[in-house]
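# Breakdown of the fold
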Amino acid sequence: MKKIWIDAGHGGFDSGAVGNSLREKDVTLQLVLYTQSYLEQNYQDIEVRLTRSTDVFVSLSERAKRANSWGADIFVSIHVNAGGGTGFETYIYQTTGLNQTSILQKALHTEIVESIRKYGSIVDRGLKKANYAVLRETTMSAVLTENLFIDTVTDAEQLKKENFLHEVGGAHARGIAKYLDLPSKGNTLYVVQARDTFYSISKKYNIPVQQLQCANPGVKPTMLRIGQHIIIPIV
Ligand SMILES: [Zn+2]
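As the structure is a prediction and not an experimental result, all values here were calculated from the model.

Relative to the assigned elements, S141 resides in strand β8 (residues 141-149). Here S141 falls in the buried class, since its relative accessible area comes to 11%. A polar contact is formed between the side chain of S141 and the side chain of T101, at a distance of 3.2 Å. Those residues in contact with S141 that lie beyond four places of it in its chain are D73, I74, F75, Q100, T101, L104 and Y179.

See the structure below:
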């Protein structure tokens with residue numbers, strides 16, 4: 001079971017950046033909710049927790065503290081940029097070397113840039129490092145994404161599109177799944193003991209026959225799970 005913490009930037013009295021009649025706290029919340037639902041719909045063996053699923057304020061240290069005490073495997077913080085630029089960038093903590101955190105950053109960055117490109121040209125501002133509190137104070141691999149610029153008209157136009165936010169949320173989920181090597185929901189193999197039971201098992205548990213395969217000789221049918229395989233005892 002992988003524990004995934006997703007952190008929507010800002011909230012409550014802290015609107016984050018504002019521009020082009022958008023508030024950062026609203027956009028980040030939408031992105032986080034889409035990321036969560038994509039993860040839960042498409043992958044198994046995960047538990048997803050959010051810093052916030054509504055418009056409330058949570059301090060930066062409190063965000064890190066909650067993820068730490070839950071024992072999250074990864075922490076992904078979602079933000080929208082401001083300051084007159086354009087494009088997408090990701091951050092990890094400034095002193096992080098080449099390790100798991102860099103690999104998570106690369107997985108997220110690559111997946112999201114690729115997805116955003118479907119909506120037109122996008123400036124890839126690169127993989128960066130910074131001394132951000134949520135990156136510094138979290139004890140697991142942590143990445144912060146800056147998804148376009150709220151105060152740049154062409155970027156804001158994208159951020160106003162529901163399907164664009166869906167796409168970017170989905171891309172966060174796929175990046176996470178790639179890094180954690182999450183088994184996707186449709187690909188689970190259910191292992192049964194003999195081929196002639198496939199039909200009855202398929203009917204009884206409502207599992208497509210193509211997802212059933214024979215257990216290796218000697219596999220104990222009482223075991224519920226071997227790797228991604230779920231063992232179903234013969235009925
Ligand atoms: Zn922000």
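Per the counting criterion, the structure on display carries 12 salt bridges. Note that R66 is salt-bridged to E62, the shortest N-O span being 3.0 Å. One end of the pair is R66 and the other is E62, both in helix α2 (residues 60-70) and 4 residues apart, which spans about a single turn. You can call R66 partly exposed: its relative accessible area is 33%. Residue E62 is classed as partly exposed on the basis of its relative accessible area, which comes to 27%. A salt bridge links E167 to K118, with the shortest nitrogen-to-oxygen separation between them at 2.9 Å. Residue E167 is found in helix α6 (residues 162-180), and its partner K118 is found in the loop between α3 (100-117) and β7 (124-130); the two are separated by 49 residues along the sequence. Via salt bridges that share partners, E111, K118, E167 and R174 belong to a single interconnected network.

Note on the zinc ion: its protein donors are H10 (NE2), E24 (OE) and H79 (ND1). The metal-donor distances range over 2.1 to 2.2 Å. In the primary sequence, the donor residues of the zinc ion line up as H-x13-E-x54-H. Remark: H79 occurs in strand β5 (residues 74-81) and E24 occurs in helix α1 (residues 24-42); sequence separation between them is 55 residues. Both residues of the pair, E24 and H79, belong to the buried class.

Here we take up the environment of F149. Examined against the element boundaries, F149 turns out to sit in strand β8. The spatial distance from the C-alpha of F149 to the C-alpha of A82 is 4.9 Å, given a sequence separation of 67 residues. Beyond its immediate sequence surroundings of up to four residues, F149 is in contact with V80, N81, A82, G83, G84, G85, T86, G87, R125, D155, A156 and L159.

Let us look at the nonpolar core. Ranked by internal contacts, the top residues of the largest apolar core, which has 42 residues, are I4 and L39. Among the elements that make up this core, the one with the highest residue count is α6 (9 residues). Other than its neighbours up to four places away in sequence, I4 contacts L39, I46, E47, V48, R49, W70, I74, I176, L180 and L182. Ranked by size, the runner-up nonpolar core spans 12 residues in total, among them W5, F75, M140 and A142.

The next subject is the packing of α1 against α6. Two elements in contact, α1 and α6, have axes separated by 7 Å at closest approach and are oriented at 55°. Between α1 and α6, the angle falls in the class oblique. Along this stretch, α1 crosses α6, giving a crossing that reads as right-handed. Residues V27, Q30, L31, Y34, T35, Y38 and L39 of α1 form the contact with α6, whose own contacting residues are E162, L165, H166, V168, G169, G170, H172, A173, R174 and I176. Split by residue class, the contact of α1 with α6 holds 9 nonpolar, 6 polar and 2 charged.

Right, let's talk about the side chain of E167 for a bit. The exposure class assigned to E167 is buried, which follows from its relative accessible area of 17%. Dropping the residues within four chain positions of it, E167 is found in contact with S115, K118, Y119 and R174.

Conventions used here
Counting restarts for each chain, with residues numbered from 1 along the sequence as it is written. The predicted origin of the model limits local features to residues at a pLDDT of at least 70 and limits the giving and counting of side-chain atom pairs to 80 or more, whereas totals for whole chains, interfaces and linings rest on all residues. Values reported for side chains reflect all heavy atoms of the structure, with hydrogen atoms and water molecules removed beforehand. Numbering of helices and strands runs from the N terminus; a helix is a DSSP stretch of H or I covering at least four residues, while a strand is a stretch of E covering at least two. Buried means the residue's accessible area, taken with a 1.4 Å probe over protein chains only, is under 20% of the maximum for its type, while exposed means over 50%, and partly exposed covers the values in between. N or O atoms within 3.5 Å of each other form a polar contact, as long as, within protein, one can give a hydrogen and the other can take it, and as long as residues adjacent in sequence are counted only when both atoms are side-chain atoms. Note on definitions: a residue-residue contact is assigned when non-hydrogen atoms from the two residues lie within 4.5 Å. By definition here, a salt bridge exists when the distance from a side-chain nitrogen of Lys or Arg to a carboxyl oxygen of Asp or Glu is within 4 Å. Distances up to 2.8 Å from the metal define which N, O and S atoms are donors, and 3.2 Å serves for Na, K and Ca; water is absent from the atom set, so sites may look incomplete. We define a nonpolar core as any set of buried Ala, Val, Leu, Ile, Met, Phe, Trp, Tyr and Cys residues linked to one another through side-chain atoms lying within 4.5 Å. Angles shown run from 0 to 180 degrees and are taken between the N-to-C directions of axes, each axis being a line fitted to C-alpha atoms and, for helices, limited to the stretch in contact. What sets the label is the angle itself: under 35 degrees gives roughly parallel, over 145 gives roughly antiparallel, 65 to 115 gives roughly perpendicular, and the rest give oblique. By the definition used in this description, the sense in which the near helix is turned from the far one sets the handedness, with an anticlockwise turn below a right angle giving left-handed and a clockwise turn giving right-handed. The residue classification treats Ala, Val, Leu, Ile, Met, Phe, Trp, Tyr, Cys and Pro as nonpolar and Asp, Glu, Lys and Arg as charged. All others, Gly included, are polar.

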